[in-house]
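Chain by chain, the residues run as shown.
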Amino acid sequence: MGKTTISKIEVDTCSAIWDKLLPTYLSEPTVDMWKSNSKDFYKNWNFPNCLGSIDGKHIRINQPQNSGSMYYNYKHFFSIQLLAVSDANYKFVMVDIELPNTNIKVPYTFIGDEAFPLLVNILRPYPGKQLINNNKKKKKVANISEGRKKGRRNNRFNTDARDTREIFADYFISEYGSVPWQMDYI
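Let me begin by describing the structure that accompanies this report.

Thresholds applied
- Residues numbered from 1 in each chain as written.
- Predicted model: local features only at pLDDT ≥ 70, side-chain atom pairs only at ≥ 80, totals over all residues.
- Heavy atoms only, no water.
- Helix = DSSP H or I, 4+ residues; strand = E, 2+ residues; numbered from the N terminus.
- Areas by Shrake-Rupley, 256 points an atom, 1.4 Å probe, with all protein chains shown as cover.
- Expected span 1.5 Å × (residues − 1).
- Bend = angle between axes of the 7 residues up to and from the residue.
- Salt bridge = Lys/Arg side-chain N within 4 Å of Asp/Glu carboxyl O.
- Buried < 20%, exposed > 50% of the residue type's maximum accessible area, 1.4 Å probe, protein only.
- Phe/Tyr/Trp six-rings, centres within 6.5 Å; stacked < 30°, edge-to-face > 60°.

## Re the overall build of the chain
- The helix and strand inventory of the chain stands at four helices and five strands.
- Secondary structure elements of the chain occur, N-terminal to C-terminal, as α-α-β-β-β-β-β-α-α.
- Surface summary for the chain: the accessible area is close to 12600 Å², and the carbon and sulfur share equals 55%.

## A closer look at helix α1 (residues 3–25)
- Over its 23 residues, α1 extends 31 Å from the first C-alpha to the last, a length consistent with the 33 Å expected when each residue adds 1.5 Å.
- For α1, the principal kink sits at D19 and spans about 25°; a proline, P23, occurs within the next four residues.

## Here we look at unusual backbone geometry
- Even without glycine at this site, H76 takes up a positive phi of about 70°.
- Positive phi values are uncommon outside glycine, yet Y90 reaches one of about 70°.
- Along the chain, Y90 turns up in the loop between β2 (79–86) and β3 (92–97).

## Things to note about the pattern of salt bridges
- One pass over the structure, following the stated rule, counts one salt bridge.
- Across the pair K8 and D12 runs a salt bridge whose closest N-O atoms are separated by 3.0 Å. In this pair, K8 and D12 are both assigned in helix α1, four residues apart and thus about one turn of the helix distant.
- Here K8 falls in the exposed class, since its relative accessible area comes to 53%.
- The exposure class of D12 is partly exposed, given its relative accessible area of 41%.

## Regarding the packing of aromatic side chains
- Under the defined criterion, the tally for this structure stands at four aromatic pairs.
- Here the aromatic rings of W45 and Y90 are separated by 6.0 Å at their centres, their planes lie at 80°, and the arrangement is edge-to-face. Separated by 45 residues along the polypeptide, W45 in helix α2 (residues 31–45) and Y90 in the loop between β2 and β3 bring together distant segments of the chain.
- Judged by its relative accessible area of 56%, Y90 falls in the exposed class.

Dropping the structure here:
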C-alpha cells in the first residue's frame, strides 16, 4: 500500500474511534457536571468553586506542507497544541486538540499554571517576584492550594482576576480553607 492510502486509512480509523467513543468517555459538559466537579474539588482538595484543572502541551511536529507559519509557536518550533481540563479525580472532562464554609462570594474558576493568563475564570499561582512582601505566607499558601491539583496591568479584567485570586488566597489561609499540611510546604 502507498503512503497516501495508509494515511487515509489512519485518519478514517481515528475518526471512527473518536466518533464512537466520544459520547461514552467524554460527553458534552453540562451545568450539573460542572457543579459536581466543583463539589468534588471542595471535598477532595478543599478548593471551593473550582470547575477543573487546565493544562496544555505543544506536541512537536514537522512543518506540514503549504502551512506557512500556521503551526509555528512562540517556543520557536512547529507543533500541535493539546489542551485539556480534568476534574478533581484526574479524569479528563474536556480536551481540545488543535490540528463552602464561608459567605465570601467568588466566581467559579479553572486553575492552571504560569502558561495561562490570570483571568477571573482562570487562576494561576502568584509569580515568585510577588511573594516578596508582608503577604508572602498567604500567597505561598494560595500557590500551594492552586497547585493541589495540578501582565496586563491597568486592565479591568486583569484587576478583577487579581482581586479574585486575593479572595482565594485569604480563604486558603483562613480556618475554613486551610488544611493541616499546608504550612509544611512554605
